[in-house]
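# Remarks on the overall topology
Take a look at the letters that make up each chain.
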Amino acid sequence: MGVQLKLTGHDKDLGGGFMVRRLLPSARKQAVGPFLFFDHFGPVTVEPGENHDVRPHPHIGLATVTYLFEGAMMHRDSLGSVQRIEPGAINWMTSGRGIVHSERGPEDLRAKAYVNHGIQLWAALPVAHEEVEPAFVHTPAADIPALAVGDAQVRVLIGQAFGKTSPVKTFAPTIYLDVQVKAGGMFELPPLAPELGVYSVDNAIEVDGETVAANTLVLLTPGVNSRIGAAASARLVVLGGEALDGHRLIWWNFVSSRKERIVQASEDWQAQAMGQVPGETEFIPLPERKA
C-alpha cells in the first residue's frame, strides 16, 4: 500500500538559463488524473536585469494551471486578459480551440532581486471539451478555502477535499491541494480521487512509513488512505482526479486526442493565425521538427 510509483523527473532549460524540474509527462506515466504536464521552477533568485520572460506562444486542448509559492509574473493572452500572478492564487487558462499567451516578469520588479518559485501544470481537457472557447480565470488567494487537517495546513486549490470546495471550475473531477506539514507532524490523506499524486517541493516526507525524497512525484495506491509525515517541516502538493478519457498526443505546446488537430494547430501558428497578445509583437516560433 502507499507508494505505487516514484517519478524523479529531469531538469530542463526553458531558455536563458531558466531551469525547471519536469515531472510529467513521463515514459512511465503520461498523466496523474487530468494532469499531463508538471513543471516545478525555483526557488530561484531573479537578479536585476535578468530576463526570464516567456514570449507569446500558443496552446490547444489543455488548461494551464499556474501557482506560485513566491514571486510574481504577468500573464497576458490573446483574449485581452492582463493579470499579475502572485503567491496563493490559482490561474486557470482554458486553451480549448486555441489561445496565445505570454508570461513575463512584472515591470516594477525589473530593477530588483526577487525569488520566483512555483508550479505550472497542464490539465488535458476531456475529449468532448477539447475545442471549447478559450478562457482565463483568476481566483485570488483570499478565495481559496483553507483548513487544518491533523498536523497540516491545507489549501483546497481545485476540487473538493476535507469538506471544503474550491471555487475553481474544471471540466472533469480534479484535485489540487497545497499542504504544509509541521516538523514531526503527520496527516492522513484519504483517496480523494481515482488517481492521486504527492510531491514535496522542499523536504523529504514519509508516505506510509516509506521515505520519499524532496522533488519526487509519488503516485499513491488507489482506494486507500495514506499517512504522510515529515521529520522537517515540508510543503507539498497533492494532485490528481479521474483518469484521462484516452491517451493524449503532445507536441510542443499542443495537446489533442487527434494527430491531425496538432498538425493543423502547427500550421496555424506557423501562419500566425491563432491570434495575438495585444501590445506584443514578439513570439516563439514553431520548432523546426514538425508534428
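Below, the structure is looked at part by part. Just so it is clear, the model here is predicted, and its values are computed rather than measured. (Residues numbered from 1 in each chain as written. Predicted model: local features only at pLDDT ≥ 70, side-chain atom pairs only at ≥ 80, totals over all residues. Heavy atoms only, no water.)

Looking now at unusual backbone geometry. If a residue is not glycine, its phi is most likely negative; likewise, a peptide bond is most likely trans. Along the chain, Leu24 connects to Pro25 via a cis peptide bond; the corresponding omega equals 0°. Take Pro25: it is sitting in the loop between strand S3 (19-24) and strand S4 (35-46). That bond from Gly42 to Pro43 is cis: its omega, 0°, falls within 30 degrees of zero. Mapped onto the elements, Pro43 comes out in strand S4. In this structure, Asp208 is a non-glycine residue whose phi angle is positive, near 50°. (Helix = DSSP H or I, 4+ residues; strand = E, 2+ residues; numbered from the N terminus.)

An order of S5-S10-S7-S8 is seen for the four strands of this open sheet, with the pairing classed as antiparallel. Because the sheet does not close on itself, it has two edges, and the strands there are strand S5 (54-59) and strand S8 (82-85). Across the sheet, the axes of successive neighbouring strands diverge by a mean angle of 25°, strand direction being ignored. Across four bridges, the pairing between strand S7 (residues 73-77) and S8 is antiparallel. When the sheet's bridge partners are listed, His75 is paired in S8 with Gln83. (Pairing = 2+ DSSP bridges. Axes fitted to C-alpha atoms, helices over the stretch in contact; angles between N-to-C directions.)

Across the sheet, which stays open at both edges, the seven strands sit in the order S1-S22-S19-S24-S17-S14-S13 with antiparallel pairing between neighbours. Either end of the sheet is taken by a strand with one partner, and the two such strands are strand S1 (3-7) and strand S13 (146-149). Each strand of the sheet is rotated relative to its neighbour by a mean of 25°, with strand direction disregarded.

We now examine the pattern of salt bridges. Applying the stated criterion across every chain yields a total of 19 salt bridges. For the salt bridge of Arg104 with Glu280, the shortest nitrogen-to-oxygen distance reads 2.7 Å. Placement of the pair is Arg104 in strand S10 (residues 99-104) and Glu280 in the segment after helix H1 (259-270), with a sequence separation of 176 residues. Across the pair, Glu280 and Arg104 agree in class, each one buried. The shortest N-O distance in the salt bridge between Glu282 and Arg104 comes to 2.8 Å. Of the two residues, Glu282 sits in the segment after H1 while Arg104 sits in strand S10, which places them 178 residues apart along the sequence. Taking relative accessible area as the criterion, Glu282 reaches 42% and is therefore assigned partly exposed. Put simply, Asp53, Arg104, Glu107, Arg110, Glu280 and Glu282 are held in one network by salt bridges that share partners. (Salt bridge = Lys/Arg side-chain N within 4 Å of Asp/Glu carboxyl O. Buried < 20%, exposed > 50% of the residue type's maximum accessible area, 1.4 Å probe, protein only.)

Right, let's talk about the environment of Ser166 for a bit. Mapped onto the elements of the fold, Ser166 is located in the loop between strand S16 (164-165) and strand S17 (174-181). Through-space distance from the C-alpha of Ser166 to that of Gln153 is 15 Å; in sequence the pair is 13 residues apart. Ignoring anything within four residues of it in the chain, the contact list for Ser166 reads Pro145, Val156, Leu157, Ile158 and Gly159. At 2.6 Å, the side chain of Ser166 forms a polar contact with the backbone oxygen of Leu157. (Contact = heavy atoms within 4.5 Å. Polar contact = N/O pair within 3.5 Å; in protein donor to acceptor, adjacent residues only side chain to side chain.)

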